[in-house]
Structure formats: structure tokens, C-alpha cells
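Observations on the model geometry
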Amino acid sequence: MNVAIPHWQNRVSPVFDVARNVLVVEIDRGAERLRRDLVLEGEDVRRRAGQLLEAGTDVLVCGAISFPLEMALSAAGIEVIAHTCGEVEQVLAGFLDGRLRRGAFLMPGCCGRRRQFRRRGGRPR
């Protein structure tokens, strides 16, 4: 499984639509195996989705994301875990041990709204 986390100054980028750098981490049996940095070019929705798909991304953990981009990623089979903030290493550790799904690292201002996890076909998980 490959997890992608857009980053800026060692933190999750606040808005994925304009993020340039993405950490792609290969996870095998719950442990990190390999990591690489991906530089996204442009802000076109289809191009961004295609770049993540080419990188083998299965899950995107990000901050804010526009609905069209989230739907493009979902249609490409990439699960989106949005409204996430914090230090990249802590967020990655939270993903690995399941804390993201319990609301840890939720962006400020998202209280009262349930975090949505979208995957293939835009269906909530």
C-alpha cells in the first residue's frame, strides 16, 4: 500500500489543490518500507490525480481539498482522508496505528463535521 501526504515545512499542506510536494510512503504489513518525494506539476485536477495514480498511491492523507479533486481521486480508486493537519511524521505514525480514523489530527474549524473517507466511486467508507 502506498500512502501520499502533501507537505510544506514538515507539516501536512493546508490545501492539497495547490500543494507541490508529496511524500509517498510504501507500507508493507503495517510498517514503512520505502519513501520518496513526488513533485506535483500544475493545478489541473486530472493531472494531479494522474500523477498520484502513476506513483501507485492507494491513500491520500491531506488537509483541505476541493470537491472536484476529491472526486477525481476517488474515481481513480484513491482513498482520500481529508481535513488532516500536523507534523508529517506524526500524521504518518497516526495513520499506521489507526489514530487518524479516531479523529486525531483533525483540522481546526472541522469540529461538528464528520470526517469523510472516500474511495472508489465516491462512496463513504
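Everything numeric in this text was worked out from a predicted model, so none of it was measured.

1. What to know about the overall build of the chain
The helix and strand tally for the chain stands at three helices and eight strands. By residue count, 44% of the 125 residues in the chain fall in the buried class. Accessible area of the chain: about 6900 Å², with a carbon and sulfur share of 50%.

2. Some remarks on the packing of aromatic side chains
Aromatic rings in a pair are described by how distant their centres are and how their planes are angled relative to each other. A complete count under the given rule lists zero aromatic pairs for this structure. Taking NZ or CZ as reference, Arg48 lies 5.4 Å from the ring centre of Phe16, over its face.

3. Some remarks on the nonpolar core
One recurring pattern in soluble globular proteins is that nonpolar side chains are buried together. Residues Phe16, Val22, Leu52, Leu60, Ile65 and Leu73 are the most contacted members of the largest nonpolar core, which totals 18 residues. Every element with two or more residues in this core is listed here: strand S3 (21–28), helix H1 (45–54) and helix H2 (67–75). Excluding residues that lie within four positions of it along the chain, Val22 makes contacts with Ala4, Ile5, Pro6, His7, Phe16, Arg36, Asp37, Leu38, Leu40 and Leu52. Grouped together as the second largest cluster of nonpolar side chains are 15 residues, Val3, Val88, Phe95 and Phe105 included.

4. Quick notes on the pairing of strand S4 (residues 31–39)
The two faces of the sheet receive side chains in turn, since in a regular strand these alternate between them. Summarising the sheet, S3 and S4 pair through eight bridges and their orientation is antiparallel. Counted as the bridge partner of Val22 is Leu38 from S4. The hairpin turn running from S3 into S4, its antiparallel successor, is two residues long, and Arg29 in that turn takes a positive phi close to 55°.

5. Things to note about H2
If you check which residues of H2 are buried, you get Leu69, Glu70, Leu73 and Ser74. One face of H2 carries all of its buried residues, which in axial projection span an arc of 135°. Exposed side chains of H2 directed beyond 90 degrees from the buried face belong to Phe67, Pro68 and Ala75. Downstream of H2 by a residue or two, Gly77 has a phi angle that is positive, lying close to 90°.

6. Thoughts on helix H3 (residues 88–96)
Buried within H3 we find Val88, Val91, Leu92, Gly94 and Phe95. Buried residues of H3 fall within an arc of 160° about the axis and therefore sit on the same side. Lining the buried residues of H3 we find strand S1 (2–8), strand S2 (11–12), S3, S4, strand S5 (59–61) and strand S6 (79–81). In the segment just after H3, Gly98 is the residue with positive phi, at about 85°.

7. Observations concerning the environment of Arg11
Assignment of secondary structure puts Arg11 in strand S2. The partly exposed category is assigned to Arg11, whose relative accessible area is 36%. Measuring from C-alpha to C-alpha, the distance between Arg11 and Val88 comes to 5.0 Å, with 77 residues separating the pair along the chain. When sequence neighbours within four positions are dropped, the list of residues in contact with Arg11 reads Pro6, Gly86, Glu87 and Val88.

Definitions and cut-offs
Residues numbered from 1 in each chain as written. Predicted model: local features only at pLDDT ≥ 70, side-chain atom pairs only at ≥ 80, totals over all residues. Heavy atoms only, no water. Helix = DSSP H or I, 4+ residues; strand = E, 2+ residues; numbered from the N terminus. Buried < 20%, exposed > 50% of the residue type's maximum accessible area, 1.4 Å probe, protein only. Areas by Shrake-Rupley, 256 points an atom, 1.4 Å probe, with all protein chains shown as cover. Phe/Tyr/Trp six-rings, centres within 6.5 Å; stacked < 30°, edge-to-face > 60°. Lys NZ or Arg CZ within 6 Å of the ring centre and 35° of its normal. Core = buried A, V, L, I, M, F, W, Y, C linked by side-chain atoms within 4.5 Å. Contact = heavy atoms within 4.5 Å. Pairing = 2+ DSSP bridges. Arc of directions from axis to C-beta.

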